[in-house]
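What the coordinates show
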Amino acid sequence: MHIGKRYSLKEFVMWSRRDIYKCLFIAIVPTLFYCYAGWTFIGISWMPVAMLGTAVAFIVGFKNNASYNRLWEGRQIYGAIINDSRAFAVKARDFAGGKTNPSVRLLFNRHFAWLTFLRYQLRDPRPWEIMDEVRYKEYMKGAYSIPERNEPLEAAVQEFLSPEELQYLLGKKNRASQTLALQSETIAALHQQGVLNDFQQLQLQTSITALYEQQGKAERIKNFPYPRNFSSITTYLLHLFVILLPFGLLKEFAHLGDGTLLEGYTIHFIIPFTTIVGWAFVTLDAVGDSSINPFEGSPNDVPITQISRMIETDLKEMLDDVELPAPVAPVHNIVL
């Protein structure tokens with residue numbers, strides 16, 4: 001997540017420069033043919049192009065609104081995980097024997113393992129995600145890196161689990177779900193041993209259910225892309241509009257300076273005008289794409305690594321631990 005005031009103009013231009021080049025090429029070619037090859041027949045009426053542009057503006061706006069909704073829902077999910085984690089931890093500490101009890105430490109460490117497994121699962125790439133596109137790789141190379149792609153999962157989680165549990169969970173497909181299942185088994189065992197009464201067991205199991213619910217919501221966003229039909233029609237209509245834009249402006253700009261000192265020269269204004277308008281539409285579409293998958297690790301995504309580290313710190317302080325994890329520091333205004 002970018003935590004600065006704004007992206008710099010240099011960052012934005014470098015990130016979208018390939019779109020600028022494409023829009024510039026699309027603007028130059030018909031202008032040159034119209035002016036110097038005498039192909040005046042390629043000029044078309046502006047009205048249908050304007051109507052198409054209006055439709056594209058609505059569609060791109062709809063996509064960006066849906067993109068923001070998915071991003072905000074992802075942040076709400078992790079906000080709920082923060083609250084549910086604190087509630088689970090304080091109940092586990094006070095119900096299961098206090099700060100120094102080994103069972104409490106076991107439940108806490110397993111919860112840290114669950115947070116780690118979950119963020120690694122949410123960072124796992126999907127075919128429809130965009131972080132492997134050139135523009136994002138270039139930006140990431142000069143600005144930040146995704147922790148879950150740099151550190152192996154086993155190394156990240158081994159401090160929280162016994163060797164037996166680690167190997168058991170690494171052999172599962174959905175490791176986060178199975179970690180919560182182990183938590184439930186431990187809670188049931190503590191109830192059978194008389195450590196927990198019926199009410200306390202119910203409270204802890206309710207917390208486990210709440211964590212399952214938030215995990216399921218996150219997995220729903222992760223595993224269900226923005227519908228391909230909406231995404232495809234937006235892309236096709238957007239490209240059609242950008243291509244037709246200079247053709248619709250040829251006749252308009254050719255006579256824009258009639259009767260002035262610019263007569264005969266205003267046709268060349270098509271090149272910067274078309275480039276700017278086309279770039280604006282294409283970049284708005286790319287901005288929507290950059291937030292539509294809120295867990296993949298783009299500069300605009302939910303900072304699940306930082307949130308997980310914050311939860312770990314909060315819970316360890318509940319046990320009066322002295323050695324706390326180092327906070328996730330922003331790199332070039334990016335925190336993940």
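Parameters at a glance
Residues numbered from 1 in each chain as written. Predicted model: local features only at pLDDT ≥ 70, side-chain atom pairs only at ≥ 80, totals over all residues. Heavy atoms only, no water. Helix = DSSP H or I, 4+ residues; strand = E, 2+ residues; numbered from the N terminus. Contact = heavy atoms within 4.5 Å. Areas by Shrake-Rupley, 256 points an atom, 1.4 Å probe, with all protein chains shown as cover. Lys, Arg positive; Asp, Glu negative; His and termini not counted. Charge placed at Lys NZ, Arg CZ, Asp CG, Glu CD. 1 Å grid on protein atoms, 1.4 Å probe; cavity = no way out; pocket = protein on both sides within 12 Å on 5 of 7 lines; lining within 4 Å. Points joined across faces, edges and corners; volume = space filled by probe spheres on them. Nonpolar A, V, L, I, M, F, W, Y, C, P; charged D, E, K, R; others polar. Axes fitted to C-alpha atoms, helices over the stretch in contact; angles between N-to-C directions. Parallel < 35°, antiparallel > 145°, perpendicular 65-115°, else oblique. Left-handed = near helix turned anticlockwise from the far one by under 90°. Core = buried A, V, L, I, M, F, W, Y, C linked by side-chain atoms within 4.5 Å. Buried < 20%, exposed > 50% of the residue type's maximum accessible area, 1.4 Å probe, protein only. Polar contact = N/O pair within 3.5 Å; in protein donor to acceptor, adjacent residues only side chain to side chain.

**Some thoughts on the overall build of the protein**
- The helix and strand inventory of the protein stands at 13 helices and 0 strands.
- Oriented by its inertia axes, the alpha-carbon framework of the protein measures out at about 95 × 35 × 30 Å.
- When contacts within the protein are restricted to residue pairs at least 6 apart in sequence, those whose partners lie at least 24 apart make up 79%.
- On the protein, roughly 17,100 Å² of surface is accessible, and the fraction owed to carbon and sulfur atoms is 62%.
- Here the protein contributes 32 positively and 33 negatively charged side chains, and the mean placements of these two sets differ by 2 Å.

**Topic: empty space enclosed by the protein**
- Scanning the model with the defined rule gives 1 cavity of 30 Å³ or more in all.
- Space inside the largest cavity adds up to approximately 40 Å³.
- Lining the largest cavity are Arg70, Trp128, Glu129, Ile221, Lys222, Asn293, Pro294, Phe295 and Glu296.
- For the lining of the largest cavity, the class distribution of residues is 4 nonpolar, 1 polar and 4 charged.

**As for the packing of helix α3 (residues 46-95) against helix α13 (residues 304-318)**
- The N-to-C vectors of α3 and α13 enclose an angle of 15°; their axes lie 10 Å apart at closest approach. Judged on the interaxial angle alone, α13 and α3 are roughly parallel. Considering how the two elements wind past one another, α3 and α13 form a crossing that is right-handed. Judged by residue contacts, Arg75, Tyr78, Ile81, Ile82, Ser85, Arg86, Ala89, Val90 and Arg93 of α3 engage Ile304, Ile307, Ser308, Met310, Ile311, Asp314, Leu315 and Met318 from α13.
- Tallied by class, the residues present in the contact of α3 with α13 amount to 11 nonpolar, 2 polar and 4 charged.

**With respect to the packing of helix α2 (residues 17-36) against helix α12 (residues 270-291)**
- Two elements in contact, α2 and α12, have axes whose closest approach is 8 Å; the angle formed by their N-to-C orientations is 145°. In this structure, the crossing between α2 and α12 has a hand that is right-handed. Touching Asp19, Ile20, Cys23, Leu24, Ala27, Ile28 and Thr31 of α2 are Ile270, Ile271, Thr274, Thr275, Gly278, Trp279 and Val282, all from α12.
- For the contact of α2 with α12, the per-class residue count stands at 9 nonpolar, 4 polar and 1 charged.

**Considerations on the nonpolar core**
- Core analysis: the biggest nonpolar cluster contains 48 residues, and Tyr78, Ile81, Phe108, Trp114, Phe117, Leu161 and Phe295 have the highest contact counts within it.
- Listed by contribution, the elements that provide at least two residues to this core are α3, α4 (102-123), α7 (153-157), α8 (163-170), α9 (175-192), α10 (198-223) and α13.
- Per-element tally for this core: the top contributor is α4, with 11 residues.
- Dropping the residues within four chain positions of it, Tyr78 is found in contact with Leu118, Arg119, Leu122, Phe295, Val302, Ile304, Ile307 and Ser308.

**A closer look at the side chain of Gln205**
- Looking at where Gln205 falls in the secondary structure, it is placed in helix α10.
- Exposure remark for Gln205: the relative accessible area of 19% places this residue in the buried category.
- Within the structure, the side chain of Gln205 is placed 3.2 Å from the side chain of Ser184, a separation counted as a polar contact.
- Those residues in contact with Gln205 that lie beyond four places of it in its chain are Ser184, Ile187 and Ala188.

**Notes on the side chain of Gln214**
- Checked against the element boundaries, Gln214 lands in helix α10.
- When its relative accessible area of 8% is taken as the criterion, Gln214 is described as buried.
- If we ignore the near neighbours within four places in the chain, the residues touching Gln214 are Ile77, Ala80, Ile81 and Asp84.

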